[in-house]
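Survey of secondary and tertiary structure
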Amino acid sequence: MQKESKYAMKSYDDLFFTDDFLFSKIMRNPEIAKGVVQNLLGIKVRKIEFVTSQYSIDELYNGKGIRLDAYLEDEDKIIDIEMQTVIKKDEGLRMRYYQSMMDIDHLNRGESFKELKESYVVFICLDDPFGEEKPVYNFATKEVSGERILNDRIHKVIYNASSFEKAENPNVRAFLEFLRSHTATDPLTKEIQTAVDSCKNHQKWRAEYMLWKDQIREWKDEAREDGLLAGERNAKIEATKNLLKMNLLTVEQIAAAVQLSAEEVIKIKDSLKI
């Protein structure tokens, strides 16, 4: 029997909050989204005007569009929260691009520069992207030769769940520990765990997830069939492109599905400008 890859697409009942599908669904809950923001960033959210998951900012000026995991807007803040289950080497560039597209989206709705809101881009990583064992990395625009901070009202924050024990803030520590150990210890994580448990009975989500799994299987089958006619590698590349455009799976999951390396999948993704 062929051993199943650890990156194979999970069954619906095995999904957790850190999985893209469930994270995007649960973050549609305004109270949970509000709690995540307030606990992680230590800021008050007065009123969320909209909470949406997998928010799409379309291509502008022939650039590439982006899909945000959770895009929240308060009266004076815009916040993007991204779940990162696989360490990437371009976190800074991704954050820069997400930030710029959020501002452009905001200005396109009739805002002037002076009305740009305080902006937060938050990456939640299960592992340490920098290897310094810090639970949180905060970044600000700072003068190169001095200590002056540029007042651009931009905040970029990366959380490292693997070092949750070192988090001084108990709210942050509880949240990051929950992501790593699946152990809920405070009101917010217990509420999230309840949402995770209740999703098992959400038949619409289950059906949606199963349809995606079926589509992936079809593409894998097509890749095998096309491989006989047009070359196996070309078929794998086409299947990879289709999976990337769906924007549902991680790079590692796609690599396992089409039997290419993660590095090859990243190269294909970069060529598509997704």
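See above for the structure.
What comes next concerns the included structure. Just so you know, these numbers come straight off a predicted model, no measurement behind them.

**Focus on the packing of aromatic side chains**
This structure, assessed with the given rule, holds 9 aromatic pairs. A centroid spacing of 6.4 Å and a plane angle of 75° characterise the contact between tyrosine 12 and phenylalanine 21, whose relative ring orientation is edge-to-face. Overall, the relative accessible area of 8% leaves phenylalanine 21 in the buried class. Ring centres of tyrosine 98 and phenylalanine 123 lie 6.0 Å apart, and the angle between their planes is 65°; this geometry places the pair in the edge-to-face category. Taken together, the positions of tyrosine 98 in helix 3 (residues 91-108) and phenylalanine 123 in strand 4 (residues 118-125) put the pair 25 residues apart, joining distant regions of the chain. Grouping residues by exposure puts tyrosine 98 and phenylalanine 123 together as buried. Counting every residue linked through ring pairs, the aromatic cluster contains Tyr12, Phe21 and Tyr209.

**Topic: the environment of threonine 250**
By the secondary structure assignment, threonine 250 is in the loop between helix 7 (232-246) and helix 8 (251-258). In this structure, the C-alpha to C-alpha distance between threonine 250 and aspartate 19, residues 231 residues apart in sequence, is 9.2 Å. Excluding its chain neighbours within four sequence positions, the residues that come into contact with threonine 250 are Asp20, Thr85 and Val86.

**Quick look at the side chain of aspartate 103**
Checked against the element boundaries, aspartate 103 lands in helix 3. Lysine 156 provides the closest opposite charge to the buried, salt-bridge-free aspartate 103, at an N-O distance of 8.3 Å. Look past the residues within four positions of aspartate 103 in its chain and what remains in contact with it is Ile78 and Leu116.

**A short note on the pairing of strand 6 (residues 154-160)**
Burial analysis of strand 6 places 5 of its 7 residues in the buried class, the great majority of the element. Across 7 bridges, strand 4 lies against strand 6 in parallel orientation. Note on strand 6: the bridge partner recorded for tyrosine 120 is histidine 155. Bridge analysis of strand 5 (residues 136-139) against strand 6 gives 4 bridges, and the strand direction is antiparallel. Its bridge partner being in strand 6, phenylalanine 139 is matched across the sheet by lysine 156.

Definitions and limits used
- Throughout, a residue's number is its position along its own chain's written sequence, starting from 1.
- Under the rules for a predicted model, residues below a pLDDT of 70 receive no local features and side-chain atom pairs below 80 are neither given nor counted, while totals for whole chains, interfaces and linings still include all residues.
- No hydrogens and no water enter the side-chain calculation; it runs on all heavy atoms of the structure.
- To pair, rings of Phe, Tyr and Trp, with the six-membered ring standing in for Trp, must have centres within 6.5 Å; the planes then decide the type, stacked if under 30 degrees apart, edge-to-face if over 60, and tilted in the middle.
- Think of it in three bands: with a 1.4 Å probe and only protein chains considered, a residue is buried below 20% of the maximum accessible area for its type, exposed above 50%, and partly exposed in between.
- Helix and strand definitions follow DSSP, with helices as H or I runs of at least four residues and strands as E runs of at least two, each counted in order from the N terminus.
- Contacts between residues were defined by any pair of non-hydrogen atoms, one from each residue, lying within 4.5 Å.
- The charge count treats Lys and Arg as positive and Asp and Glu as negative. His and the chain ends do not count.
- Salt bridges are identified by distance alone: a Lys or Arg side-chain nitrogen within 4 Å of an Asp or Glu carboxyl oxygen.
- Paired strands are those between which DSSP finds at least two bridges.

These figures come from the coordinates and say nothing about function on their own.
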